[in-house]
Structure formats: structure tokens, C-alpha cells
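# Summary of the model geometry
What follows is the residue order along each chain.
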Amino acid sequence: MSENRESDLLAAVPDGLFIGGQWRAASDGATLGVDDPSTGSEIKRIASATVADGVAALDAAAAAQDDWAATPVRQRADILRRAFDLLQQRKEDIALLMTIEMGKPLAEARGEVAYGGEFLRWFSEEAAHVQGRYGANPEGTGRMIVTHHPVGPCFLITPWNFPLAMATRKIAPALAAGCTVVVKPAALTPLTTLFFAKILEDAGVPAGVVNVVTTASSGPLSDAIIADPRLRKLSFTGSTPVGQQLLQKAAQGVLRTSMELGGNAPFVVFDDADLDKAVDGAIAAKFRNIGQACTAANRFIVHRSVADEFARRVTERVEAFRTGRGTEEGVTIGPLIDNRAVTKADQLVQDAVGRGATLRTGGSAIDGDGSFYQATVLSDVQAGSEILREEIFGPVLAIVPFDDEADAVRLANDTEYGLVSYVYTENLARGQRMIERLQTGMMGLNVGVVSNAAAPFGGWKMSGLGREGGAEGIHEYLQTKYTLTPNPF
């Protein structure tokens, strides 16, 4: 990959805040640095918003709200479709940018561009499909009219691990519904969102409809926006502890909330599973995005009769991985986001080994520049191991044996989280039973990747509230009104 191309691309990314249709510096001139996790070196400095800048962004969103809500649905849809088309034209640039600032291999970054773009296309089509109801009340004394209206200005907080897809998954339905937004991307990977904001500007999004504030002081800025009575919706993707804090703050204003929080996904392999398919699914479910995904399989619950063979096959695949900077040809495992992530992954592995797990491959940090951790496979992980309770967020595959279906269900549901589960079985009835019994908002039955813009994404229990994507996604940004009119007859 040409260093000149990378430097030219980084130079093309706006370095300011996007407020009211204008790119501008922070009010106090403060900046924050963005690092390349593969080298640990700073690659760009951008504006770091103050509380006053956050309020100014909400000012702009509130000022634009009525006009945007009154904009014909077809016009809103056309803007989203133009944004989709522009994203396809610039897909190589935005994929490279994600790889530089986040670390994922370039092939995966291209996949995220395709996935993230689908939210723009999907909600450009859904915008015109929001329907109400009209009909007589049961008593026959009047007519009921049910309509849906934009909830109002929204505050969207996105994570670092999927910097494009998490932005499009929130911004697209909000705009389709007629809401204006203030977006706060993660400080670790803000450049992709800034680049995408420029695409939205080029697509014709009116001033104030989309505002982006990057900041190193997330807490004070978020608190000020959430406490403002003009804000009517909060959407957050991130950890459960932070989501709980935000829910408490949102309760003061009785805000509509969408929370996509932590996960602890079980990946269940029965004795009748097609092991070739199960291993393929395991590699996709575990190592996509270097394991740094809320949908990543966290606990591989494998029937005792096939556990050794499954472990042998996945270990063989993992040992063939190439680790390195994501821009390099053939790399499958890039760096973790920072050294804290490396430390956490290593602590979980060492705890599991100390409790009796077998280390099949990997199991340590990689010396040198950047925040790299070896792709790792553990088998015979014992009950009580921290790796079974905590979200790994790294390239570590942990296998736990089970004896029967009831045991598998118990182990799979033994967590406070309930985002996604994966099940491999050739028995149709068993698959149906697992759909009924596993306590997760999403499930992959003989597939290792479930995310799709046309499907509702979200979890049960401590994994969150609300849904993103699908026909359900736009309703997260709409409020319902019921009107009764007299009987016309």
C-alpha cells in the first residue's frame, strides 16, 4: 500500500467539527490525536469539542428539525440514496481509512463498507413505507386515525469497532424518519465518521440535519446534550455499564432510547453437526473484526463426542492465519484497538489456563510496534473461568464441552447477556427447539454471521433495548399519535 496514498487520504479527511453545515475548530482550539493501532503512531489531529460545541450542535439540530420533518419523504429518501451511491464511488478510500485508524484487514473493511452502505439503501426505501391506520372504533361512534411522526432531535453515540456501519445504522433511519441528529463518534476511530459526514454533505443533506462532534471529553459533552430538554432520542452502542449510566441520565428527560450493549454469544455445536460447516462458521463468528464485535462468538459449547475434533480443526485453521497491518496482502488478523485490549485478552487467557484449560495455539501478546495479540484457541475451559463471563473482544476461541441438549441450553443461557447465539445441528426439530429456548435477540442456525440491514438487530436481557435495521429500525425514531374523529355517518 502506497504511503503517499495513505497520507493523501488522511489529508482529505476533515479535521473540524461539523455543526450547522459548517466545518469548524473547537471553540477553545483543543485537538485530539488519532493513532494507527498497528504502529502506535499518531496519524492525524482533529478538533476536540467542548461542552459549548456540543450544545451548539444540538442548537443546529433543533433549528433544522421542523424543516427536515416537513421535507417530503421522497426527498429524504433521494438524499439517502445519493449518499449510498457516493459511498460506493468512494468505497476504496473509506475502506482504507477504516483499516488505518481501526486496524481491521482491508478485505474486512471493504465488507463493512458494503454492509454499512446497505443501511443507507434500505432506509431510503423504508422512508416511504411508514404506514398508519384508519378505521371505525368498536363502538361505531367515531373513526380512529393512527399516524407516526419524527421523535425529534437525536443524539447518536457510536463505538470504535465498526466506525462506518454503526454510523449508517443510526443516521440512516433517523434521517428517513425525519429526525435531525448530533453524532458523537468514538475518540479512537473518528476519522471514518468525519469522512462519511462529508459524503452526506455532498449528497445534499441540509445544514443542521447531521452534526458531528468529536471529543476527548465525552462525559461532560454527552451529559450536557442529554440534559437538554430539546433532545428527544438517545441511541448508544457500547458497553453495558456505560449504557446503564446513560439510561439513568436519559430517564430525567424521559428520552426515547435505543441501547445496543454487550454480548457473550454462545456457539453451540451438536454431535450431529456438519463439522466442516461448523468450523467455517466458527472462524467467521469468532475472528471477524479480530474478534472485536459484540456479535463475536464468546463461548464455544461443543458436544463432548466431537469437541476434540472440532478443536483440532479450528486450531489448524487458526495456525494458518497471518497477523500484521491490515493493509498488507494476505493479513487475516490485524491489531487490537489499543494496548488495554491486549492486556485484557491476555488476562482472560492466563486465567483460563490457570484454571485448567488447554492452550492449543497462541496465547500471548506479540512484541514490537502496535497492539497485536496472537490468534488463540483454548479447549476444556473450566467452569468459573473469567473468559466464560466476560466479553473477550479479541481473537481468542474458548471451547467448553457439553453432554446433552439440556446441558447445552443451560450453558448457553448462563449469562446476563442475550445479544446473539449460534447453533449448528442437522436435526431440524432440535434447531426449532433451540430457537425457542435460547435467550437471545438474534440467532444464527447453521450460519456464523447474522447481521443484515433488512433484519432487526438487538438483544435481550443486559444486551440492550430497541432494534436497529429492518422494518423495526425506522420506528425507533418515530412516535405514534392516535386521533379520534366523530362518526361521519
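Refer to the structure above for everything that follows.
Calculation rules
- Here the residue numbers are simple positions, counted from 1 along each chain's written sequence.
- Under the rules for a predicted model, residues below a pLDDT of 70 receive no local features and side-chain atom pairs below 80 are neither given nor counted, while totals for whole chains, interfaces and linings still include all residues.
- As a rule here, side-chain values come from all non-hydrogen atoms in the structure, and water together with hydrogens is ignored.
- Counting from the N terminus, the helices are DSSP H or I runs at least four residues long and the strands are E runs at least two residues long.
- Atoms counted for the radius of gyration: C-alpha only. Globule rule: 2.2 Å times the number of residues to the power 0.38.
- Contacts are assigned to residue pairs that have any heavy atoms within 4.5 Å of one another.
- Note on geometry: axes are lines fitted to C-alpha atoms, helical ones only across the stretch in contact, with angles between N-to-C directions running from 0 to 180 degrees.
- Take the far helix as the reference: if the near one is turned anticlockwise from it by less than a right angle, the crossing is left-handed, and if turned clockwise, right-handed.
- Nonpolar residues are Ala, Val, Leu, Ile, Met, Phe, Trp, Tyr, Cys and Pro. Charged residues are Asp, Glu, Lys and Arg, and all others, Gly as well, are polar.
- Between Lys or Arg on one side and Asp or Glu on the other, a salt bridge is scored when a side-chain nitrogen of the former is within 4 Å of a carboxyl oxygen of the latter.
- Throughout, exposure labels follow a simple rule: accessible area from a 1.4 Å probe, protein chains only, divided by the maximum for the residue type, with under 20% read as buried, over 50% as exposed, and the rest as partly exposed.
- Using a 1 Å grid laid over the protein atoms alone, points where a 1.4 Å probe fits but cannot get out form a cavity; open sets with protein on both sides within 12 Å along at least 5 of 7 lines form a pocket; any residue with an atom within 4 Å of a point counts as lining.
- Grid points are joined across faces, edges and corners, and a volume is the space filled by probe spheres set on the points.

## Here's the deal with the overall build of the protein
A count of helical and extended segments in the protein gives 15 helices and 22 strands. Its C-alpha atoms give the protein a radius of gyration of 23 Å, near enough to 23 Å, the size a compact globule of 489 residues would have. Projected onto the principal axes, the alpha-carbon positions of the protein cover approximately 70 × 65 × 40 Å. Here the contacts in the protein between residues at least 6 apart in sequence split such that 72% fall between residues at least 24 apart.

## Concerning the environment of Ala187
By secondary structure assignment, the location of Ala187 is in the loop between strand 8 (181–184) and helix 7 (191–203). Along the backbone, Ala187 and Thr215 are 28 residues apart, and their C-alpha atoms lie at a distance of 6.3 Å. Setting aside anything within four residues of it in sequence, one finds Ala187 in contact with Leu32, Val34 and Thr215.

## Points about the packing of helix 13 (residues 405–413) against helix 14 (residues 428–437)
Their axes nearest at 11 Å, the elements helix 13 and helix 14 cross at an angle of 30°. In this structure, helix 13 crosses over helix 14, and the sense of that crossing is right-handed. Residue-level inspection shows Glu405, Val409 and Asn413 of helix 13 in contact with helix 14, the latter providing Arg430, Arg433, Met434 and Arg437. Of the residues assigned to the contact of helix 13 with helix 14, the class counts are two nonpolar, one polar and four charged.

## Notes on unusual backbone geometry
With a phi close to 60°, Asn289 is a non-glycine residue in the positive phi region. One non-glycine residue, Lys461, adopts positive backbone phi at about 50°. By secondary structure assignment, the location of Lys461 is in strand 20 (residues 460–461).

## Points about the pattern of salt bridges
Taken as a whole, this structure holds 33 salt bridges when the rule is applied. Linking Lys104 and Glu112 is a salt bridge whose minimum nitrogen-to-oxygen distance equals 2.3 Å. Residue classification places Glu112 among the buried residues on the basis of a relative accessible area of 3%. Taken together, the salt bridges that share partners define one network made up of Asp271, Asp272, Glu405, Arg430, Arg433 and Arg437.

## Things to note about the layout of surface pockets
Each pocket or cavity is described by its volume, and for the largest pocket that value is around 1200 Å³. What lines the largest pocket is a set of 49 residues, among which Pro159, Trp160, Gly238, Ser239 and Phe393 lie closest to the centre. Among the secondary structure elements, those contributing two or more residues to the lining of the largest pocket are helix 6 (165–177), helix 8 (218–227), strand 10 (233–237), helix 9 (240–252) and helix 12 (339–354). Per element, the largest residue contribution to the lining of the largest pocket is six residues, and it comes from helix 9. Taken together, the residues of the lining of the largest pocket break down into 22 nonpolar, 14 polar and 13 charged.

## Regarding empty space enclosed by the protein
Enumeration according to the criterion identifies three cavities of 30 Å³ or more in this entry. Here the largest cavity is characterised by a volume of approximately 60 Å³. Around the largest cavity, the lining residues are Ala284, Ala285, Arg288, Ala293, Thr295, Ala296, Tyr422, Gly448, Val449, Val450 and Ser451. Along the lines of polarity and charge, the residues of the lining of the largest cavity split into seven nonpolar, three polar and one charged.

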